[in-house]
Amino acid sequence: RLPHPVRHTRAVIHPKTHTPDESLGSYVIVRDTFVASSRHQYAIRYHLAPGCSAFASENQVTVREPGGLRLTIVCLSRSKLRARIDKQWVSRVYGKREPALVVVFESTETGAQDFITFLVPTREGHAISIEPRLTAGTAANAFQVSTSAVSDVVIFGDASQPAANHCCGKNC
């Protein structure tokens, strides 16, 4: 047991399954919350299927699978994050392993940390934007997921904090 332990909770959210405009289809959001009182190194890992390629830049990773599909993975936090790609092994069947890539988001920080990761399938030629939005006077976090044609706004709050009646700086 760590002398200064960390409590980790994870929530997985699947906000939509179909839209008339397929430029922003179904995606997944993962919220990792770490409660700690001292300095720790945090690493969030996403294992990819064998044969995928990946490119990391700051807090974003673009994954391509051999059939041409793409996955954009963006991890957001108040902490400074760094994304990297590791080469490791996966095993789909007992006794057989294959090389595969692992996406790693890392940060070293003190105190409680909240990391929100968006995993958004995209097609070649379709740009996706995932940006934090200000939430004035609240303990909530807001994010905008956009393509050239469609935008979603996702708001996360802390159940232990009182709710406010405004989001993104405007009364709702």
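Since this is a predicted model, take the numbers as computed values, not measurements. (Residues numbered from 1 in each chain as written. Predicted model: local features only at pLDDT ≥ 70, side-chain atom pairs only at ≥ 80, totals over all residues. Heavy atoms only, no water.)

What am I meant to see in the packing of aromatic side chains here?
Given two aromatic rings, one states the distance between the centres and the angle between the planes to describe the pair. For the structure on display, the rule yields four aromatic pairs. Note on F34 and Y42: the rings are 4.8 Å apart at their centroids and 50° apart in plane angle, and the pair reads as tilted. Among the residues examined, Y42 registers a relative accessible area of 3% and is labelled buried. When the centroid spacing of 5.5 Å and the interplanar angle of 65° are considered together, the rings of F118 and F143 count as edge-to-face. Pair noted here: F118 is in strand β9 (residues 113–122) and F143 is in strand β11 (residues 141–146), with a separation of 25 residues, a long-range link. Judged by relative accessible area, which is 0%, F118 ranks as buried. (Phe/Tyr/Trp six-rings, centres within 6.5 Å; stacked < 30°, edge-to-face > 60°. Buried < 20%, exposed > 50% of the residue type's maximum accessible area, 1.4 Å probe, protein only. Helix = DSSP H or I, 4+ residues; strand = E, 2+ residues; numbered from the N terminus.)

Even after reading the chapter, I still don't get the pairing of strand β8 (residues 96–110), so can you show me in this structure?
If a strand is regular, its side chains alternate between the two faces of the sheet. Two strands pair when backbone bridges link them, and strand β3 (residues 39–47) and β8 are joined in this way by nine bridges, in the antiparallel orientation. Along β8, the bridge assignment pairs H47 with V102. Hairpin connection from strand β7 (residues 82–93) to β8: two residues lie between these consecutive antiparallel strands, with G95 at a positive phi of about 85°. (Pairing = 2+ DSSP bridges.)

Looking at this structure, I do not really get the sheet that holds β3. What am I missing?
Paired through backbone hydrogen bonds, the strands of a sheet run either parallel or antiparallel to each other. Judged by pairing direction, the sheet is antiparallel, and its three strands sit side by side in the order β3-β8-β7 without closing on themselves. Edge positions in the sheet fall to β3 and β7, since each of these pairs with one other strand and no more. Put simply, the sheet's adjacent strands are angled 35° from each other on average, direction ignored. (Axes fitted to C-alpha atoms, helices over the stretch in contact; angles between N-to-C directions.)

For this particular structure, what's the right way to read the nonpolar core?
Most often, soluble globular proteins keep nonpolar side chains buried together rather than apart. Counting 19 residues, the largest nonpolar core has Y46, V61, I73, V103, F105 and F115 as its most contacted members. The set of elements that each furnish at least two residues to this core consists of β2 (27–35), β3, β5 (60–64), β6 (70–76), β8 and β9. If we ignore the near neighbours within four places in the chain, the residues touching Y46 are R10, V30, D32, L101, V102, V103, F105, T117 and L119. Y27, L76, F143 and V145 belong to the second-largest nonpolar core, a separate cluster that totals 13 residues. (Core = buried A, V, L, I, M, F, W, Y, C linked by side-chain atoms within 4.5 Å. Contact = heavy atoms within 4.5 Å.)

Honestly, the sheet that holds β11 in this entry has me stumped. Any pointers?
Spatial strand order, β10-β11-β12: three strands in an open sheet with antiparallel pairing. In the strand order of this sheet, the two ends are held by β10 (129–133) and β12 (151–156), each with one partner. Pairwise comparison of adjacent strand axes, ignoring direction, gives a mean angle of 20° for this sheet. Pairing of β10 with β11, which is carried by five bridges, proceeds in the antiparallel orientation. Of the residues in β11, the one forming a bridge with I130 is V145.

Can you help me understand the pattern of salt bridges in this one?
A pair can form between side chains of opposite charge whenever their charged atoms are brought close. Tallied over the full model, the rule gives six salt bridges. Between R10 and D32 there is a salt bridge, and its shortest N-O distance comes to 2.7 Å. Placement of the pair is R10 in strand β1 (residues 7–16) and D32 in strand β2, with a sequence separation of 22 residues. Taking relative accessible area as the criterion, R10 reaches 45% and is therefore assigned partly exposed. D32 sits in the buried class, given a relative accessible area of 0%. (Salt bridge = Lys/Arg side-chain N within 4 Å of Asp/Glu carboxyl O.)

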